[in-house]
Amino acid sequence: NPTTTTFTRYSSFEADVLIDGSPATNVESFLLTVANELDESVYPISTDGLRTELPNGFQTVSGQFTAFFDNALLLDKAKSGDVFSIVLSLKRGTGTAGTSENERMVFTLPFTMLEQTSPEVSGPGGVKLQMAFKAYKSLATAGSNIMSIRVMNTYASYKDIPAPAATPTSIA
């Protein structure tokens, strides 16, 4: 019998965004896209008749966020082409410890650049700024990654997560 696990989604009300280490309190929405560019046109078959892994492409990390425009900081970063960090943190409960209902998942993009855009003024209300970004791997920093993900939960390591029960398969 398969093992049933419980799953509680993170809520956007429990998210934090840091830009260059400072809280971005004006972010309304955030979209993160990770593409591994696997070559799906090639499905090699091994000698035992199983598909082998797909050839890797280049990993790209990009996204966009919408923020209420309250200062020119983000526009200045886009115009200057400055590289900066973005940290997106999703938490449940306090998120400070890896205990049940106090979990945290942190996405860190250490080298990010904004695409240059202008804020849209659509009426007399507040002005929203939609900013697209791309993350990069630093060639100048040894061992740098395009993105890191840190998960704090009740498991000390992935080895501690119970494996699902094996289910027999048959071919008719």
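As a reminder, the structure under discussion sits directly above these lines.
Residues numbered from 1 in each chain as written. Predicted model: local features only at pLDDT ≥ 70, side-chain atom pairs only at ≥ 80, totals over all residues. Heavy atoms only, no water.

Which parts of the structure should I look at to understand the side chain of Ser85?
For Ser85, the location among the structural elements is in strand β5 (residues 84-91). Taking the relative accessible area as the measure of exposure, Ser85 reaches 19% and is therefore buried. Excluding residues that lie within four positions of it along the chain, Ser85 makes contacts with Leu18, Ile19, Asp20, Gly21, Leu109 and Pro110. (Helix = DSSP H or I, 4+ residues; strand = E, 2+ residues; numbered from the N terminus. Buried < 20%, exposed > 50% of the residue type's maximum accessible area, 1.4 Å probe, protein only. Contact = heavy atoms within 4.5 Å.)

Looking at this structure, how should I read the nonpolar core?
A general tendency of soluble globular proteins is for nonpolar side chains to be buried together. With 22 residues, the main nonpolar core has Ile19, Phe65, Ile86, Leu109 and Leu114 as its most contacted residues. Counting residues per element, the ones that place at least two in this core are β1 (15-19), β4 (60-68), α1 (73-80), β5, β6 (104-114) and β7 (128-135). Once residues lying within four places of it in the same chain are set aside, the contact partners of Leu114 are Phe65, Leu74, Lys77, Ala78, Phe84, Met131, Ala132 and Phe133. (Core = buried A, V, L, I, M, F, W, Y, C linked by side-chain atoms within 4.5 Å.)

Would you take a moment to explain α1 for this structure?
Helical geometry note: an α-helix holds 3.6 residues per turn, so side chains three or four residues apart project in the same direction. The set of residues buried in α1 consists of Leu74, Leu75, Lys77 and Ala78. The buried side chains of α1 occupy one side of the element, clustering within an arc of 160° when seen end-on. The elements touched by buried residues of α1 are β1, β4, β5, β6 and β7. Looking one or two residues past α1, Gly81 carries a phi angle of roughly 75°, positive in sign. (Arc of directions from axis to C-beta.)

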